[in-house]
Amino acid sequence: MFSSTRMPLLIALAALPGFLSCVQDATMGDSVIQAASEIEERKPAPDFTLKDEAGRDVTLSDYRGKVVLLNFWATWCGPCKIEMPWFVAFQRKYKDQGFTVIAVSLDEEGWDVVRPFVEEYGLNFPVVVGTDEMADEFGGVAALPTTFIIDNEGWITSTHMGLVGRGEYEEEIEALLCAQSGVFCEDS
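The model shown is predicted, which means the values in this text are computed figures rather than measured ones.

### Observations concerning the packing of helix α2 (residues 78–94) against helix α5 (residues 166–181)
The relative placement of two packed helices comes down to the angle between their axes together with the axis-to-axis distance. Interhelical geometry of α2 versus α5 gives an angle of 25° and a closest axis separation of 11 Å. Looking at the two axes, α2 sits roughly parallel to α5. Here α2 runs over α5; the crossing is right-handed. For the pair α2 and α5, the contacting residues are Glu83, Trp86, Phe87, Ala89, Phe90, Lys93 and Tyr94 in the first and Arg166, Tyr169, Glu170, Ile173, Glu174 and Leu177 in the second. Per-class residue counts for the contact of α2 with α5 are eight nonpolar, no polar and five charged.

Printed below as a string of structure tokens:
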């Protein structure tokens, strides 16, 4: 749900060769990561309630007790299409260990374009359509994809803007799941 005043900038930036993320702000880098140990004060993830395709409420605080990968994306975003199969695999691999992905589409066309994407990619986690206002609660979404890793207590532990490696996500997820379980976890 990008405003029409932002659309010309998005189109121009998306046309740049080698562009790794769907960036709204040309000053952003490929990836911005804020690890919990690198920031003075972690921030709680803002709560929200949005409807899924079936009209059911998806409320972030209902996932308290789980590690959440919260991804802001759009169907037209190339890097988002690269990440989605990873997220499907993460959901399959970690769902029984206290993990979930929640995908928040920022497509202006809403479910008309999101529904076919969900079906094509076989998304196996909650998908909702967000708003600019909701994205602003997370500090604004300057690039797509933007992904927040949220611990089981609802705190944002890292933020990724743009495309980052699958392994980086997996390391963060496994570290939080290990910490959540309270048992010693070996490197795999």
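### So, α2
Under the 1.5 Å per step criterion, the end-to-end length of α2 is 25 Å for 17 residues, consistent within 8% with the ideal 24 Å. Along its length, α2 shows its largest kink, about 25°, at methionine 84, and proline proline 85 lies within four residues downstream of that point. Looking only at α2, the buried set comprises Pro79, Cys80, Glu83, Met84, Trp86, Phe87, Val88, Ala89, Phe90, Gln91 and Tyr94.

### Observations concerning the pattern of salt bridges
A complete count under the given rule lists five salt bridges for this structure. The salt bridge partner of arginine 56 is aspartate 52, with a shortest N-O separation of 3.0 Å. The class for arginine 56 is exposed, based on a relative accessible area of 55%.

### Comments concerning the pairing of strand β9 (residues 146–150)
Most of β9 sits out of view: five of its five residues are buried. Side chains Thr146, Phe148 and Ile150 of β9 all project onto a buried face; the interleaved residues Thr147 and Ile149 project onto the opposite face, where all are buried too. As judged from the five bridges shared by strand β5 (residues 67–73) and β9, these two strands associate in the antiparallel manner. Of the residues in β9, the one forming a bridge with phenylalanine 72 is threonine 146. The pairing of β9 with strand β10 (residues 155–161) spans five bridges and is classified as antiparallel. When the sheet's bridge partners are listed, phenylalanine 148 is paired in β10 with threonine 159. Hairpin connection from β9 to β10: four residues lie between these consecutive antiparallel strands, with glycine 154 at a positive phi of about 90°.

### Regarding the sheet that holds β10
Strand order in the open sheet formed by six strands is β2-β10-β9-β5-β6-β7, with mixed pairing between adjacent strands. Taken across any chain shown, the strands that pair with only one partner, and hence form the sheet edges, are β2 (43–44) and β7 (127–129). Here β5 pairs with strand β6 (residues 99–105) via seven bridges, running parallel. Among the inter-strand pairings, leucine 70 is bridged to a residue of β6, identified as isoleucine 102. Packing against the sheet, helix α3 (residues 111–121) makes contact with β5, β6 and β7, and its axis sits at approximately 165° to β7.

### Considering unusual backbone geometry
For the peptide bond that leads from leucine 144 to proline 145, omega is 0°, which places it in the cis range. Relative to the elements of secondary structure, proline 145 occurs in the loop between β8 (143–144) and β9.

Procedures and definitions
- Residues numbered from 1 in each chain as written.
- Predicted model: local features only at pLDDT ≥ 70, side-chain atom pairs only at ≥ 80, totals over all residues.
- Heavy atoms only, no water.
- Axes fitted to C-alpha atoms, helices over the stretch in contact; angles between N-to-C directions.
- Helix = DSSP H or I, 4+ residues; strand = E, 2+ residues; numbered from the N terminus.
- Parallel < 35°, antiparallel > 145°, perpendicular 65-115°, else oblique.
- Left-handed = near helix turned anticlockwise from the far one by under 90°.
- Contact = heavy atoms within 4.5 Å.
- Nonpolar A, V, L, I, M, F, W, Y, C, P; charged D, E, K, R; others polar.
- Expected span 1.5 Å × (residues − 1).
- Bend = angle between axes of the 7 residues up to and from the residue.
- Buried < 20%, exposed > 50% of the residue type's maximum accessible area, 1.4 Å probe, protein only.
- Salt bridge = Lys/Arg side-chain N within 4 Å of Asp/Glu carboxyl O.
- Pairing = 2+ DSSP bridges.

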